[in-house]
Amino acid sequence: MKAKLDRSGCISCGLCTQICPDVFRMGDDGIAEVYREDVPKDMEGIAVEAQEGCPVSVITVD
Ligand code: SF4
């Protein structure tokens, strides 16, 4: 699975970084970013949870 995030639409709520901090983090500019594009097998479930929880649907995990 690969994680992608359209930073231009992120509203900096921080949810994805709380749910799945091994894949998403807040960048220095306060916008979330993917720092582990290849999602480890044991984190796929929570990465999908982050995708589903993002209020502006800018995360794609597939
Ligand atoms: S959950 Fe969505 S809006 Fe919130 S920080 Fe993550 S990418 Fe940004």
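Preceding block: the structure.
Residues numbered from 1 in each chain as written. Predicted model: local features only at pLDDT ≥ 70, side-chain atom pairs only at ≥ 80, totals over all residues. Heavy atoms only, no water.

All right, on to the overall build of the protein then. For the protein, the count of helices and strands is 2 helices and 4 strands. Going residue by residue from the N terminus, the α and β elements of the protein occur as β-α-β-β-α-β. Radius of gyration (C-alpha) of the protein: 10 Å, near the 11 Å computed for a compact globule of 62 residues. Each principal axis of the C-alpha distribution contributes one length, and for the protein these read about 30 × 20 × 15 Å. (Helix = DSSP H or I, 4+ residues; strand = E, 2+ residues; numbered from the N terminus. Rg over C-alpha atoms; globule rule 2.2 N^0.38 Å.)

This next bit is on the site of the ligand. In the vicinity of the ligand there are 14 residues, among which Cys 10, Cys 13, Gly 14, Cys 16 and Cys 54 approach most closely. Taken together, the residues of the shell around the ligand break down into 12 nonpolar, 2 polar and no charged. (Near = heavy atom within 4 Å. Nonpolar A, V, L, I, M, F, W, Y, C, P; charged D, E, K, R; others polar.)

We now examine the nonpolar core. Generally speaking, a soluble globular protein has its nonpolar side chains buried in company with each other. One finds Phe 24, Val 39, Ile 59 and Val 61 to be the most contacted residues of the largest nonpolar core, which totals 17 residues. Broken down by secondary-structure element, the contributors of at least two residues to this core are β1 (3-5), α2 (44-53) and β4 (59-61). Excluding its chain neighbours within four sequence positions, the residues that come into contact with Ile 59 are Lys 4, Leu 5, Cys 16, Phe 24, Ala 50, Gln 51 and Cys 54. (Core = buried A, V, L, I, M, F, W, Y, C linked by side-chain atoms within 4.5 Å. Buried < 20%, exposed > 50% of the residue type's maximum accessible area, 1.4 Å probe, protein only. Contact = heavy atoms within 4.5 Å.)

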